[in-house]
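Each chain, written out:
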Amino acid sequence: MEREREHDLKILTSVLDTLRLMEDGTTPQENDKHGSEWYRTLVEEVNDLATVVDPDGTITYVSPAVTRVLGYNPDELVGQAGYEFVHPEDRERNADALETVLSNPSKSEIVEVRFRHADGSWRWIEATMRNRLDGDIIDGILLSSRDITERKEYEAEARELAEEYEALLNNVEDAIFLINVEEGEDSVRFEFERLSPSYERQTGITTEEVQGQTPRDVFSEEQGAELEANYHRCVNAGEPISYQEELQVGEGARFWQTKLAPVVNDGEITRLIGVTRNVTERVERERQLRQQNERLEEFSSVVSHDLRNPLNVAQGRATLLAEQVESDHLDPLVQALDRMEAIVEDTLTLARQGNTISETESINLTDLVGKCWGTVDTEDATIEIVDEMTFQGDPDRLRHVFENLFRNAVEHGGPDVTIRVGCHDETDIYVEDDGPGIPVEKREEVFDPGHSSAQGGTGFGLTIVKRIVQAHGWEVSITDGTDGGARFEIETAEQREFV
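Residues numbered from 1 in each chain as written. Predicted model: local features only at pLDDT ≥ 70, side-chain atom pairs only at ≥ 80, totals over all residues. Heavy atoms only, no water.

**Details of a negative patch on the surface**
Operational definition: Each patch is assembled from residues with relative accessible area greater than 30% and no salt bridge, linking like charges that lie within 9 Å and nonpolar side chains (Val, Leu, Ile, Met, Phe, Trp, Tyr) that lie within 5 Å. Throughout, the Shrake-Rupley method with a 1.4 Å probe supplies accessible areas, and for residues the shown protein chains are the sole cover considered. What makes a salt bridge here is a side-chain nitrogen of Lys or Arg within 4 Å of a carboxyl oxygen of Asp or Glu, nothing more. As used throughout, the charge tally considers Lys and Arg to be positive and Asp and Glu to be negative, leaving His and the chain termini uncounted. To locate a charge, the coordinates of NZ of Lys, CZ of Arg, CG of Asp or CD of Glu are taken. Only DSSP runs of H or I covering at least 4 residues are called helices, and only runs of E covering at least 2 are called strands; the numbering of each starts at the N terminus.
Taken together, Glu 150, Glu 153, Glu 157, Glu 160, Glu 163 and Glu 164 make up a surface patch of like negative charges. Note on placement: Glu 164 falls in helix H6 (residues 149-171).

**So, the sheet that holds strand E3 (residues 109-116)**
We count it as follows: Here a strand pair is declared whenever DSSP counts at least two bridges between the two strands. Axis definition: a line fit to C-alpha positions, over the contact stretch in the case of helices; interaxial angles, taken between N-to-C directions, run 0 to 180 degrees. Only heavy atoms matter for contacts: two residues are in contact if any of them lie within 4.5 Å across the pair.
Spatially, E2-E1-E5-E4-E3 is the arrangement adopted by the five strands of the open sheet, whose pairing is antiparallel. Each of the sheet's edge strands pairs with one partner strand only, and the pair in question is strand E2 (59-62) and E3. When strand polarity is set aside, the average angle formed by the axes of neighbouring strands in this sheet is 30°. Of the strand pairs in this sheet, strand E1 (residues 49-53) and strand E5 (residues 140-147) are connected by five bridges, and their pairing is antiparallel. Across the sheet, the residue bridging to Val 52 is Leu 142, located in E5. Where H6 meets the sheet, its contacts fall on E3, strand E4 (122-132) and E5, and the angle it forms with E4 comes to roughly 120°.

**Some remarks on the packing of helix H13 (residues 365-375) against helix H14 (residues 395-413)**
Going by this rule: Under this scheme an angle from 65 to 115 degrees is roughly perpendicular, one under 35 degrees roughly parallel, and one over 145 degrees roughly antiparallel; angles in between are oblique. Two helices crossing with the near one rotated counterclockwise from the far one by less than a right angle form a left-handed crossing, whereas a clockwise rotation gives a right-handed crossing. Classification convention: Asp, Glu, Lys, Arg as charged; Ala, Val, Leu, Ile, Met, Phe, Trp, Tyr, Cys, Pro as nonpolar; all other residues, Gly among them, as polar.
Taken N-terminus to C-terminus, the directions of H13 and H14 make an angle of 60°; their axes are 9 Å apart at the nearest point. Here H13 lies oblique to H14, going by the angle between them. As H13 runs across H14, the sense of the crossing is right-handed. Along its contact with H13, which presents Leu 365, Leu 368, Val 369, Lys 371, Cys 372, Trp 373 and Thr 375, the element H14 presents Pro 395, Leu 398, Arg 399, Phe 402, Glu 403 and Phe 406. Its residues assigned to classes, the contact of H13 with H14 comprises nine nonpolar, one polar and three charged.

**Some words on helix H5 (residues 91-103)**
Operational definition: Every helix has an expected span of 1.5 Å times one less than the residues it contains. Here the term buried applies to any residue with accessible area under 20% of the maximum for its type, exposed to any over 50%, and partly exposed to those in between, with areas from a 1.4 Å probe on protein chains only. The directions considered for the arc are those from the helix axis to the C-beta atoms.
For H5, built from 13 residues, the straight-helix expectation of 18 Å at 1.5 Å per residue is met to within 8% by its first-to-last C-alpha distance of 18 Å. Considered for burial, the residues of H5 that qualify are Asn 94, Ala 97, Leu 98 and Val 101. Buried residues along H5 cover an arc of 95° about the axis, so they all sit on one side. Where H5 is buried, its residues contact E3, E4 and E5.

**Topic: unusual backbone geometry**
For Glu 379, which is not glycine, the phi dihedral falls at a positive 50°. In this structure, Glu 379 sits in the loop between H13 and strand E12 (382-385). Residue Glu 379 is classed as exposed on the basis of its relative accessible area, which comes to 51%.

**Thoughts on the nonpolar core**
Rule in force here: Among buried residues, the Ala, Val, Leu, Ile, Met, Phe, Trp, Tyr and Cys ones that are joined through side-chain atoms within 4.5 Å form a nonpolar core.
Core analysis: the biggest nonpolar cluster contains 36 residues, and Leu 365, Phe 391, Leu 398, Val 401, Phe 402, Phe 406 and Phe 488 have the highest contact counts within it. Contributing elements (two or more residues each) for this core: H13, H14, strand E14 (418-424), strand E15 (428-433), helix H15 (461-471), strand E16 (475-480) and strand E17 (486-491). The element that contributes the greatest number of residues to this core is H14, accounting for seven residues. Those residues in contact with Phe 406 that sit more than four places away from it in its chain are Val 369, Cys 372, Trp 373, Ile 383, Ile 419, Val 421 and Val 431.

**A word on the packing of aromatic side chains**
The condition that has to hold: Any pair of Phe, Tyr and Trp rings, taking the six-membered ring for Trp, is counted once the centres come within 6.5 Å. Such a pair is stacked with planes under 30 degrees apart, edge-to-face with planes over 60 apart, and tilted for the rest. Here, a charge over a ring means that NZ of Lys or CZ of Arg falls within 6 Å of the ring centre while also lying within 35 degrees of the ring normal.
All told, the structure shown has ten aromatic pairs when counted by the stated rule. With centroids separated by 6.4 Å and ring planes inclined at 65°, the aromatic side chains of Phe 192 and Phe 219 adopt a geometry described as edge-to-face. On the criterion of sequence distance, the pair formed by Phe 192 in strand E7 (residues 188-195) and Phe 219 in the loop between helix H9 (215-218) and helix H10 (221-237) is long-range, its members being 27 residues apart. Pair check on accessibility: Phe 192 and Phe 219 agree, each one buried. These aromatic residues form a ring-pair network of at least three members: Phe 177, Phe 190, Tyr 199 and Tyr 231. The ring of Trp 124 has Lys 152 lying over it, and the distance from NZ or CZ to the ring centre is 4.4 Å. For Arg 487, the ring lying beneath its charged end belongs to Tyr 430, and the centroid distance is 3.9 Å.

**Let's talk about the environment of Leu 178**
Within the secondary structure, Leu 178 sits in strand E6 (residues 175-183). Counting along the chain gives 82 residues from Leu 178 to Leu 260, while the straight-line C-alpha distance between them is 9.7 Å. With sequence-adjacent residues up to four places away left out, Leu 178 is seen in contact with Tyr 165, Glu 191, Phe 192, Glu 193, Arg 194, Arg 271, Leu 272 and Ile 273.

**Structural notes on the confidence of the model for the protein**
A low pLDDT score tells you not to read the predicted coordinates there in detail. We apply this condition: Each residue gets a pLDDT score, which is the predictor's confidence in that residue and runs from 0 to 100.
Per-chain confidence: the protein averages 81 in pLDDT, with 83% of residues scoring 70 or above. Taken as a whole, residues 18-35 scores under 50 in pLDDT and shows 18 contacts with residues more than four places along the chain or in a different chain. Note on residues 495-499: pLDDT is under 50 here. Beyond four places in sequence and across chains, it has 14 contacts.

**Side note on the pairing of E14**
Regular strands place side chains that alternate from one sheet face to the opposite one. Most of E14 sits inside the fold, with six of its seven residues counted as buried. The sheet contact formed by E12 and E14 spans four bridges and is parallel. Each bridged residue has a counterpart across the sheet, and for Ile 385 the counterpart in E14 is Val 421. Here E14 pairs with E15 via six bridges, running antiparallel. Within E15, the position partnered with Arg 420 by the bridge is Glu 432.

**What about H14?**
Inclusion rule: Two N or O atoms count as a polar contact when they lie within 3.5 Å, although within protein this holds only if one can serve as hydrogen donor and the other as acceptor, and sequence-adjacent residues are included solely when both atoms are side-chain atoms.
Taking 1.5 Å as the rise per residue, H14 with 19 residues should run 27 Å; its terminal C-alpha atoms sit 26 Å apart, in good agreement. Among the residues of H14, those classed as buried are Arg 397, Leu 398, Val 401, Phe 402, Glu 403, Asn 404, Leu 405, Phe 406, Asn 408, Ala 409 and Val 410. For H14, the N-terminal capping position is held by Asp 394, with its side-chain oxygen 3.1 Å away from the main-chain nitrogen of Asp 396. Positive phi shows up at Gly 414, right after H14, with a value of about 95°.

**Points about the pairing of E1**
Most of E1 is tucked away: five of the five residues are buried. Of the two faces of E1, both are covered, the one formed by Leu 49, Thr 51 and Val 53 as well as the one formed by Ala 50 and Val 52. Examined bridge by bridge, E1 and E2 share three bridges and lie antiparallel to one another. By the bridge assignment, Thr 51 is partnered in E2 with Val 62.

Given below as structure tokens:
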């Protein structure tokens, strides 16, 4: 670039020298076949703007290109003080450059300033100054200038994007990593370029340690190959991909939920940007939940087969006995047997409904609530559906959730309790009542198996609610209702999923 500018300056100087001679009445040498028109055309067509100023900064000459570049006729500028057209914030820089070439005639100086356009706007100009005061023809400071407004605007946008990029990289909680993609003739090489501070904190690995290295260099051959397989998958797809991977980088970081996106330049993928989240605790929790469900399934199978049959026999005999004799002990006996049957049913439900949801479908909240309300003995209770919404879930399992929440509200709020169902934060669901509520210190333990504050309750209802909610990948919590009762809030996957 500098060599090209030197060449342009030589051409401009030569042309200006010749034009001055012509303006003085001197003709080119007879063997010069081009003539004055050739020189004038060259000055008019050259992209750079040629200007001559005296030591005080007064413009003594400006080429016709000024009309195209800045909208002035040359006569409008000749005789004017050049600094008056320079932006006030740039005048000192312009004066320093002029002083430099005045004090060092052999040195050229490049300066970037904003120059006022004829329409009043400001245009960025890059000017190269050369001292030609000792020349017989130019006798001034020669400036070769070009409009760099678009470049400056691009640079400003780039700086703004860079600042936003740095802010994102330095402050986002998720770990971010950048991978360079170098395509060879027969293979693709992936190299770590940069890691975000969050990545470094979570893994203990720094950018300095991995920069320029491949995943196989940083991690083991086996783990590196697994990472590169996903990188290849993203490159081949040419679009973002999401996946869960197992990568042991510390005692507390093993499982990661990752989203990988390609960066395309001139039709080629040159970089991959990865955003990853440590989900080890969630994965371990899911594993523990599956193990608990398996043990509970084993237990419930024993209960179902070994307890239900003799229970049914006892219930049948109690019914026959009631037909034959009268006794104050029969009603308590039948109630006890019925409660045992309810415990068996809830135990089986708890075991079978807590498995992770694999298939979901669109559910209308109003339809689901209506079906559940019709199957529960609600006595004189009132149901209010505050909001309409649809969401993804397993409708069969979710019926157990709402049926148990309705039953719980009636058991604790009384036969005339009012129950409201709606949504909050657009994607989450709540069920609340106007009953006595649940004390803060009791809100966690009410989900424990066997916990019940209602007479005759099995203690499994809210446990079933929590297990089915967790099987969907959601969370359930208890807070105060609008009218002081209990409010169960279900935070759905739409709110919690990894983005």
